[in-house]
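Below are the chains, spelled out letter by letter.
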Amino acid sequence: MGTRGAPFTGFAIEDDEGDCEDTLDLHLPAEYLALFAAGTSCLLDQLHTWGPLVTRFGSFQLAPVRLDEDLPLIHRWMNDPCVAEYWELAGPRNRTEDHLRAQLAGDGRSMPCLGVLDGTPMSYWEIYRADLDPLARHYPARPHDTGIHLLVGAAGDRGRGMGSALLRAVADLILDRRPACARVVAEPALRNTPSVAAFLSAGFRYADEVDLPGKRAALMIRDRVLRDVM
């Protein structure tokens, strides 16, 4: 995270609030979920099968969280003061566990993942259906809009362009693996200048400012139709 005034000294891209209930409180009717014969993982087009991609920092892959194995690492990251400032999940392990379990036990619209670089977990991601999220109440959502939350775990991995490079790579991976998705969206706190700058560097455009529970956010959008020019 480093110096707050410098846009690339590090960043955390945070969820809407400190708990996961806001992300999951829109209940999908059973008849809607029944349309997905392969299960609710279809809401994110089988994210667990997306596979690795090559970045300038190495081979990167989103690995869905395995709670028993991954909780200690994610809990440690959440208690980093620079991360806790935005994610608001610092504290006992069960607080992080509840946040993760709510997604893993949910209907498939939000998937917590580790970002694994050359075999080493180094970041935490949430890939979610923004059009099925309460965020959709605050901007003109389109069907299949897909959202990103991210934190880079180790201080040594922050402030050297890695976050923006991975953001671009993951946004493009989403567009490649989700043909129905025309836009990848994010809503970092407006005061989180390094995060907003990282999104801009990753090819997102600054679309609007929105008032969300607990924060005023910058609505950042990466458009499929502009991916080759931004």
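Here is what the cut-offs are and how they apply
Residues numbered from 1 in each chain as written. Predicted model: local features only at pLDDT ≥ 70, side-chain atom pairs only at ≥ 80, totals over all residues. Heavy atoms only, no water. Core = buried A, V, L, I, M, F, W, Y, C linked by side-chain atoms within 4.5 Å. Buried < 20%, exposed > 50% of the residue type's maximum accessible area, 1.4 Å probe, protein only. Helix = DSSP H or I, 4+ residues; strand = E, 2+ residues; numbered from the N terminus. Contact = heavy atoms within 4.5 Å. Polar contact = N/O pair within 3.5 Å; in protein donor to acceptor, adjacent residues only side chain to side chain. Phe/Tyr/Trp six-rings, centres within 6.5 Å; stacked < 30°, edge-to-face > 60°. Pairing = 2+ DSSP bridges. Right-handed = clockwise from strand over helix to strand, strands pointing away. Salt bridge = Lys/Arg side-chain N within 4 Å of Asp/Glu carboxyl O. Axes fitted to C-alpha atoms, helices over the stretch in contact; angles between N-to-C directions. Parallel < 35°, antiparallel > 145°, perpendicular 65-115°, else oblique. Left-handed = near helix turned anticlockwise from the far one by under 90°.

(A) Local environment of the nonpolar core. Grouped together as the largest cluster of nonpolar side chains are 35 residues, with contacts concentrated most on Phe60, Leu62, Trp125, Ile127 and Ile148. Top contributing element to this core by residue count: helix α6 (residues 162-177), with 10 residues. Not counting residues within four places of it along the chain, the set of residues in contact with Phe60 comprises Pro52, Leu53, Thr55, Gly115, Val116, Leu117, Met122, Ser123, Trp125, Leu166 and Val170. One finds Leu67, Leu71, Leu100 and Ala189 within the second-largest nonpolar core, a separate group that totals 17 residues.

(B) The arrangement of the side chain of His75 in detail. Note that His75 resides in helix α3 (residues 67-78). Reaching out from His75, the side chain makes a polar contact with the backbone nitrogen of Arg93 at a distance of 3.3 Å. For His75, the contacting residues outside a window of four places in its chain are Gly91, Pro92, Arg93 and Thr96.

(C) The packing of aromatic side chains, seen in detail. One pass over the full model with this rule turns up three aromatic pairs. Aromatic side chains Trp87 and Tyr124 sit 5.5 Å apart centroid to centroid with 65° between the ring planes, which places their arrangement in the edge-to-face category. Note that Trp87 is positioned in helix α4 (residues 81-87) and Tyr124 in strand β5 (residues 120-129), a separation of 37 residues in sequence. For the pair formed by Trp87 and Tyr124, the shared burial category is buried. Consider the rings of Phe199 and Phe204, whose centres lie 4.9 Å apart with planes at 75°: the pair is edge-to-face. Here the two residues Phe199 and Phe204 agree in accessibility, since each one is buried.

(D) Representation of helix α7 (residues 193-201) within the structure. Within the sequence span of α7, burial applies to Pro194, Ser195, Val196, Ala197, Ala198 and Phe199. Immediately downstream of α7, the backbone of Gly203 shows phi near 95°, a positive value.

(E) Spotlight on unusual backbone geometry. Positive phi outside glycine occurs at Glu88, with the angle close to 55°. With respect to the helices and strands, the residue Glu88 is situated in the loop between α4 and α5 (93-104). A relative accessible area of 43% means that Glu88 is categorised as partly exposed. For Asp118, which is not glycine, the phi torsion reads 50° and is therefore positive. Note that Asp118 resides in the loop between β4 (110-117) and β5.

(F) Quick look at the pairing of strand β6 (residues 146-152). Burial runs high along β6: seven of the seven residues are buried. Burial along β6 is two-sided: the face carrying Thr146, Ile148, Leu150 and Val152 and the face carrying Gly147, His149 and Leu151 are both buried. Pairing analysis gives seven bridges linking β5 to β6, with the strands arranged antiparallel. Residue Glu126 lies in a different strand from β6, and its bridge partner there is His149. Pairing between β6 and strand β7 (residues 183-186): two bridges, direction parallel. From the neighbouring strand, Thr146 faces β7, where its bridge partner is Val184. Handedness of the β6-α6-β7 crossover: right-handed.

(G) Quick peek at the pattern of salt bridges. Throughout the structure, instances matching the rule amount to 17 salt bridges. A salt bridge links Arg109 to Asp107; the nearest nitrogen and oxygen atoms lie 2.4 Å apart. Taking the shortest distance from any N to any O, the salt bridge between Asp131 and Arg129 comes out at 2.8 Å. Like Asp131, the residue Arg129 is buried in the burial classification.

(H) How the structure looks around α3. Among the residues of α3, those classed as buried are Leu67, Asp70, Leu71, Leu73, Ile74, His75, Trp77 and Met78. Looking at the packing, one finds that the buried side of α3 touches β3 (58-64), α4, α5, β4, β5 and β6.

(I) Local environment of the packing of α6 against α7. Between α6 and α7, the shortest axis-to-axis distance is 8 Å and the interhelical angle comes to 50°. The angle between α6 and α7 falls in the class oblique. The crossing of α6 and α7 is right-handed. Every residue of α7 that contacts α6 at Ser164, Leu167 and Arg168 is listed here: Ala198, Phe199 and Ser201.

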